[in-house]
Amino acid sequence: MKTTGNILLVGVGGQGIILASNLLAQAALNAGHDVKKNEIHGMSQRGGSVFSHIRFGPKVFSPVIPEGKADLLVALEEMEALRWLQYCGSQTELIVCQTRLNPANINEYPGGIADELTRLFNKMLTIDPVSLARECGGQKFINTAILGVVANTLDFPESAWRNAIEKLTPEGTAAKNWEAFLAGRTTKGTYE
Amino acid sequence: MSGNEAIARGAYEACVRLGAGYPGTPSTEILEALVSYPDIYTEWSVNEKVALEIGVGAALSGARSLITMKHVGINVAADMLFTAAYTGVKAGLVVVSADDPALHSSQDEQDNRHYARAAKIPMLEPSDSMEAKEFTKFAFELSEKFDIPVMLRTTTRIAHSSSAVTLAEPAKPAISFKGFERNRRKYVMIPIHAGPRHIDLERRMSEISKLAETLEINRFESGKGQVGFVTAGICYQYVKEIFPDAPILKLGLVHPIPQNLIREFSRHVEQLIVVEELDPFFEDQIKAWGIKADGKKFFPNTGELSPGMIRDALGKENPPGPISSSFKIPPRPPSLCPGCPHRTVFNILNKLGYIVSGDIGCYTLGALPPFSAMDTQLNMGGSITMAQGMEIAGERNVVAVIGDSTFAHSGITGLLNAAYNGRNELIIVLDNGTTAMTGLQPNPLSGERLNGEPAVKLDYHKLAGAVGIPDELVRTVNAYKPDDVEKAIIELKASGKLSLLVIEGPCLILKRKKKK
């Protein structure tokens, strides 16, 4: 019996992972779940890898997803999807945004990552960041737009998302974030 | 709420009157949350020792006080902590020690439960945000009931995890204290007074040990199976995740721990397993009481535990494990931001090839490629004084590099020591106007306080003048003028005398934030 939903959001400092995970956790809470969320902050402002674990269900114990147990891995940066495989198993679905950001001191983005992800994950949805940015109102709303994609895999009511976005996005941006979220819900990624 | 926000909320509900601390991951957000509650005095103190001293003074004058710091901050504050256990505190004094197993953002992973034992004070350890809030409130009650400072220990996974919290309204403490009341035998710790206070401390702790046997927060959870677990904090959640039906003795008070309760629990199970991160703190005590237990046989003394580590170590059948890949991706370590004012100086120091005695902050990233221009970094403030030791030992080619907040924290005493003892070092202060590493907290070089009020800004030139450094050996240069920076370093170093170079360039993240 599986009772806890496990979502791992990953990316790079500055991509809005923390806001996205706050929204996701709030939406889960609004949908009536017990929720725990874990992230580490402190050095992320300086361009490091960022992750956030979100777990929800009737009763959640560990705020950290047990190794191999993620249901969904959401990567806002392509290479980062490969960094957290220890939390993924054969059941894990991947949503990956093909944004490519070179780490400091690396000038050439490694090739073959998309193929490796296809090989590793049984179910994978690839999002083109350029067309998503066009649909959702710009680069800086990609994090909320991706949540729209995530929302399609969950059964939270629309009001749970709407309330979370109104409550937690920066002042004056709720309407735009909501539009970005809706754009994410209807965007066409590539399924494999 | 995060664990840190929950601690602030708990302090508010306990009618705390003062919050002080020094920024340090993973403790920083506690005071940043506390400042938003009404009628509570909050401050970033210049260092952890100062913060605790302010807390003890306030508590003795009748104000409940919350003092926050990261684990290594307790090393700085320990002088005060040990003696405050002797004197007692009158109004509640709670000291948060935020430990960092796995060194997410720290120079060591010391286990501060030892401090509670060494200083002979009680320590509580919550396992989620709701407990963080409730334990904070209980800590104040315990502190007042037994006239003793109480430590609240968190770890990064508690401090930075969020879970649901039920709020309550602030409730006035049962006892209301007057201001400071003279009692020299209790508060002036000359040997003739301190001896009796030590005896009294042993009495207070032995009463708390008795209380530990019946405290609700030391909770026995009955279950199925022959293996029972003794655990606390985040490890409790991991054990529940993997063994939801096992008998568990969950300790909320992690010092002193209840001997009889643990003995009783051990009789009900065939094997007792202690699950704790870092040192075998419970395990050693339990074994010393002659109770059979295992713990570190299964788990390392280093790093964090995880649900998977518990599952694997204890042989619970493992459904198809994590997927893995041999694909090599480059690491993505944190690095100095593009355009960061610190970049200039490390490029230059790399070129000049000095031995760089470094310190703690964003600028420690100057030790990594492409700069590779920092050679030592151990603690807060050590850059200036380690460079003095190097000079005495005969190294001539050394410069000390320290940030503004670290300079205020414990660099100034090093400067005074250099002047007093006739050293000839070059001290470089990288002044970006903020405590950037921990998320932009103001400090005595920012001209601003925690609550945003304007404040005095330390004058480097007058300070240097006051310790006898002549004007021509004190310079301030713009971080974005590399030629000026290089020239100043070469000239001051060539002087062969004690000198101070302040390289000014505001933190870019702070600049961006202020624009908004």
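Residues numbered from 1 in each chain as written. Chains lettered and ligands numbered in written order. Predicted model: local features only at pLDDT ≥ 70, side-chain atom pairs only at ≥ 80, totals over all residues.

## A word on the overall build of chain A
- Helices and strands together make up the secondary structure of chain A, namely six helices and seven strands.
- Ordered by position from the N terminus, the helices and strands of chain A form the series β-α-β-β-β-β-α-β-α-α-α-α-β.
- For chain A, whose C-alpha radius of gyration is 16 Å, the value lies close to the compact-globule estimate of 16 Å for 192 residues.
- By its C-alpha atoms, chain A is 45 × 40 × 35 Å across when sized along the principal axes.
- Counting all 192 residues of chain A, 54% fall into the buried class.
- The long-range fraction of contacts in chain A, counting pairs at least 24 apart against all pairs at least 6 apart in sequence, stands at 68%. (Helix = DSSP H or I, 4+ residues; strand = E, 2+ residues; numbered from the N terminus. Rg over C-alpha atoms; globule rule 2.2 N^0.38 Å. Buried ≥ 20, exposed ≤ 12 C-beta atoms within 10 Å, placed from the backbone. Contact = placed C-beta atoms within 7 Å.)

## Some points on the environment of Leu24(A)
Residues and elements named next belong to chain A.
- Position of leucine 24 relative to the elements: it lies in helix α1 (residues 17-30).
- Residue leucine 24 is classed as buried on the basis of its 26 C-beta neighbours within 10 Å.
- Separated by 90 residues in the primary sequence, leucine 24 and alanine 114 have C-alpha atoms spaced 26 Å apart.
- For leucine 24, the residues in contact, after removing those within four places along its chain, are Ile7, Ile54, Leu147 and Val150.

## A look at the sheet that holds strand β10 (residues 248-250) of chain B
Residues and elements named next belong to chain B.
- The four strands lie next to each other as β8-β10-β9-β12, forming an open sheet whose pairing is mixed. Each edge of the open sheet carries a strand with a single partner, namely β8 (219-221) and β12 (271-275). Ignoring strand direction, the axes of neighbouring strands in this sheet form an average angle of 20°.
- One ladder, built from three bridges, connects β8 with β10; its direction is antiparallel. The partner of phenylalanine 220 across the bridge, within β10, is leucine 249.
- Its contacts with the sheet put helix α10 (residues 233-242) on β9 (227-231), β10 and β12, and the angle it makes with β9 is roughly 155°. (Pairing = 2+ DSSP bridges. Axes fitted to C-alpha atoms, helices over the stretch in contact; angles between N-to-C directions.)

## As for the interface of chain A and chain B
- In this assembly, 41 residues from chain A lie in contact with 41 residues from chain B.
- Among the elements that make up the side of chain A that touches chain B, the one with the highest residue count is strand β2 (residues 34-39) of chain A (six residues).
- For the side of chain A that touches chain B, a count of residues per class yields 20 nonpolar, 13 polar and eight charged.
- Bridge analysis of β2(A) against strand β7 (residues 161-163) of chain B gives three bridges, and the strand direction is antiparallel. If you follow Lys36(A) over to β7(B), its bridge partner there is Ser163(B). (Nonpolar A, V, L, I, M, F, W, Y, C, P; charged D, E, K, R; others polar.)

## Examining helix α14 (residues 342-352) of chain B
All names here are of chain B.
- All of the buried residues in α14 are His342, Arg343, Thr344, Val345, Phe346, Ile348 and Leu349.
- The inward-facing, buried residues of α14 contact β13 (355-357), β15 (426-431), α18 (482-495) and β17 (499-504).
- Phi turns positive one or two residues past the end of α14, at glycine 353, with a value near 75°.

## Focus on the domain arrangement of chain B
Residue and element names in this part refer to chain B.
- According to the domain assignment, chain B contains domain 1 (3-212), domain 2 (219-313) and domain 3 (342-515).
- A straight line from the C-alpha centre of domain 1 to that of domain 3 covers 32 Å.
- Contacts between domain 1 and domain 3 engage 13 residues on the former and 16 residues on the latter.
- With three residues, strand β2 (residues 41-44) is the largest single contributor of residues to the side of domain 1 that touches domain 3.
- Of the residues contributing to the side of domain 1 that touches domain 3, the split by class is six nonpolar, six polar and one charged. (Domains from an automatic or database assignment.)

## Comments concerning the pairing of strand β1 (residues 5-12) of chain A
Residues and elements named next belong to chain A.
- Burial analysis of β1 places eight of its eight residues in the buried class, the great majority of the element.
- Of the two faces of β1, the one lined by Gly5, Ile7, Leu9 and Gly11 and the one lined by Asn6, Leu8, Val10 and Val12 are each fully buried.
- Of the strand pairs in this sheet, β1 and strand β3 (residues 49-57) are connected by eight bridges, and their pairing is antiparallel. When the bridges of β3 are listed, valine 12 appears paired with serine 49.
- In terms of strand pairing, β1 meets strand β4 (residues 70-75) through four bridges, oriented parallel. Residue pairing across strands places isoleucine 7 opposite leucine 72, the latter belonging to β4.

## Examining the sheet that holds β13(B)
Residue and element names in this part refer to chain B.
- Read from one edge of the open sheet, five strands run β13-β14-β15-β17-β16, paired in parallel fashion. The sheet is open, and its two edges are formed by β13 and β16 (474-478), each paired on a single side. The sheet shows a mean angle of 25° between the axes of neighbouring strands, direction not considered.
- As judged from the three bridges shared by β13 and strand β14 (residues 398-403), these two strands associate in the parallel manner. Of the residues in β14, the one forming a bridge with isoleucine 355 is valine 398.
- Sitting on the sheet, helix α16 (residues 404-420) touches β14 and β15, and the angle it makes with β14 is about 135°.

## Details of the environment of Gln86(A)
- The residue Gln86(A) is located in the loop between β4 and β5 (88-97) in this model.
- Taking the C-alpha atoms as reference points, Gln86(A) and Glu135(A), separated by 49 residues in sequence, lie 33 Å from one another.
- In this structure, Gln86(A) is in contact with Glu67(A) and Pro322(B), ignoring residues within four places of it in sequence.

## Things to note about the packing of helix α3 (residues 48-60) of chain B against helix α4 (residues 71-87) of chain B
Residues and elements named next belong to chain B.
- Contact pair α3 / α4: the axes reach a minimum separation of 7 Å and the direction vectors enclose 30°. By the angle between their directions, the pair α3 and α4 is classed as roughly parallel. In this structure, α3 crosses over α4, and the sense of that crossing is right-handed. Within the contact between the two elements, α3 uses Glu48, Lys49, Ala51, Leu52, Glu53 and Val56 and α4 uses Gly73, Val76, Ala77, Asp79, Met80, Leu81 and Ala84. (Parallel < 35°, antiparallel > 145°, perpendicular 65-115°, else oblique. Left-handed = near helix turned anticlockwise from the far one by under 90°.)

## Side note on the confidence of the model for chain B
- In the predicted model, chain B carries a mean pLDDT of 96, and 99% of its residues have values of at least 70.
- Both scores are available for the predicted complex, with the pTM at 0.96 and the ipTM at 0.93. (pLDDT = per-residue confidence, 0-100.)

## Description of unusual backbone geometry
All names here are of chain B.
- Cis geometry is found at the peptide bond from threonine 25 to proline 26, where omega equals 5°.
- Proline 369 connects to proline 370 through a cis peptide bond whose omega is 5°.
- With respect to the helices and strands, the residue proline 370 is situated in the loop between β13 and α15 (382-392).
- For cysteine 15, which is not a glycine, the phi torsion comes out positive at approximately 60°.
- Inspection of the secondary structure puts cysteine 15 in the loop between α1 (3-13) and β1 (18-21).
- Unusually for a residue other than glycine, serine 372 sits at a positive phi of about 45°.
- You can see serine 372 is positioned in the loop between β13 and α15.
- With 13 C-beta atoms counted inside 10 Å, the residue serine 372 sits in the partly exposed group.

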